[in-house]
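One letter stands for each residue in the lines below.
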Amino acid sequence: MKIVAVSNLFNEADILPAILANLEYQGVDEIFTTDSMSTDGTRALVKGCPIPNTMIDAPGPYHHQEKMMNLVATMGREAGADWILPFDGDEFWDSALHPTIRETLEGCDVPVIAATCYQYFDTTRREPEPKPYPKVCFKPLGGFHLAMGSHWVHMDWYTGPTATGHLNVREVQFRGFDHFKWKVHQRNDAFPPEVPGGSGAHVRKWAAMSDEELEAEWDAMNARATEYDPIPVRLPEWKP
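An account of the accompanying structure is given in this report. Just so we're clear, the structure is a prediction, and the values are computed from it rather than from any experiment.

Negative phi values dominate among residues other than glycine, just as trans dominates among peptide bonds. Unusually for a residue other than glycine, Asn11 sits at a positive phi of about 50 degrees. The exposure class assigned to Asn11 is buried, which follows from its relative accessible area of 10%. A positive phi angle, close to 55 degrees, is found at Ser150, a residue other than glycine. Tracing the backbone shows Ser150 in the loop between β9 (144-146) and β10 (153-155).

One finds Leu23, Ile31, Trp93 and Phe138 to be the most contacted residues of the largest nonpolar core, which totals 53 residues. Counting 11 residues, the second-largest nonpolar core is a separate cluster that includes Phe121, Phe180, Val184 and Trp206.

Attention shifts here to the packing of aromatic side chains. On inspection of all chains with the given rule, the structure shows nine aromatic pairs. For the pair Phe174 and Phe180, a centre-to-centre distance of 4.8 Å together with 75 degrees between the ring planes defines the contact as edge-to-face. By relative accessible area, Phe174 is classed as buried at 7%. Positioned above the aromatic ring of Tyr118 is the side chain of Arg126, whose terminal nitrogen or guanidinium carbon lies 4.1 Å from the ring centre.

In this section: the pattern of salt bridges. Throughout the structure, instances matching the rule amount to 19 salt bridges. In this structure, Asp94 engages Arg170 in a salt bridge whose closest nitrogen and oxygen atoms are separated by 2.6 Å. Taken together, the positions of Asp94 in strand β5 (residues 91-95) and Arg170 in strand β11 (residues 163-171) put the pair 76 residues apart, joining distant regions of the chain. Under the relative-accessibility criterion, Arg170 is labelled buried at 12%. Close ionic contact of Arg126 with Asp229 constitutes a salt bridge, the shortest N to O distance being 2.9 Å. Note that Arg126 is positioned in strand β7 (residues 125-126) and Asp229 in the segment after β12 (227-228), a separation of 103 residues in sequence.

Residues spaced three or four apart along an α-helix point in a common direction, a consequence of the helix completing one turn every 3.6 residues. Turning to helix α1 (residues 16-26), its buried residues are Leu16, Ala18, Ile19, Leu20, Asn22, Leu23 and Gln26. Next to the buried residues of α1 lie β1 (3-9), β2 (30-35), α2 (42-48), β4 (83-86), β5 and α4 (101-106).

About the cut-offs
- Residues numbered from 1 in each chain as written.
- Predicted model: local features only at pLDDT ≥ 70, side-chain atom pairs only at ≥ 80, totals over all residues.
- Heavy atoms only, no water.
- Buried < 20%, exposed > 50% of the residue type's maximum accessible area, 1.4 Å probe, protein only.
- Helix = DSSP H or I, 4+ residues; strand = E, 2+ residues; numbered from the N terminus.
- Core = buried A, V, L, I, M, F, W, Y, C linked by side-chain atoms within 4.5 Å.
- Phe/Tyr/Trp six-rings, centres within 6.5 Å; stacked < 30°, edge-to-face > 60°.
- Lys NZ or Arg CZ within 6 Å of the ring centre and 35° of its normal.
- Salt bridge = Lys/Arg side-chain N within 4 Å of Asp/Glu carboxyl O.
- Contact = heavy atoms within 4.5 Å.

Purely geometric stuff here, so don't read any function into it on its own.
Written out as structure tokens, the structure is:
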């Protein structure tokens, strides 16, 4: 069985070594990713990781995430993937059933798994409830199309149920206030012109705020009730 992880990355060097180490532990065999012209060493980290990998450039001022993810997922299928695992550069995937994802996929007879996603405030504290949308891991048999955000996959040959309760995704989206402010503006600037104005409403709202308003928003986010559920990693301090 071959597990291929796919992603598109941009400036995730502070967290990426831990993400890649986790993918290796989980049993990923190969990585295909795009790079939106990172400037922080992201490319070198991917190239130097022990998992065989292919990275292609995604130049341009806008971030066509859906297009890029389908491109690398197709590359994974052509490389012989039995399972495609789409990950973001700030997501730790793991199994809810076994020590590794590989063991879980070996025993799964449903071709689409909806992974439960949790938002973390650091590597120990997460929101008590899962995020409203899962992320998918799937068998790339026949035609398929990954939806925006990899929350769903549309398949020509399968319209049956998805497996749930098998995999978890632990997202450390913001690594401190400075990173929150940087990422808000970076994401807002990267929306392609054709993306509807209602898409990414929370990012657009934050991007319109002053630094003082953003700091108040950050403080409010971090004042929410959390659940202690540590990810077994240590991350360096984020630096712009």
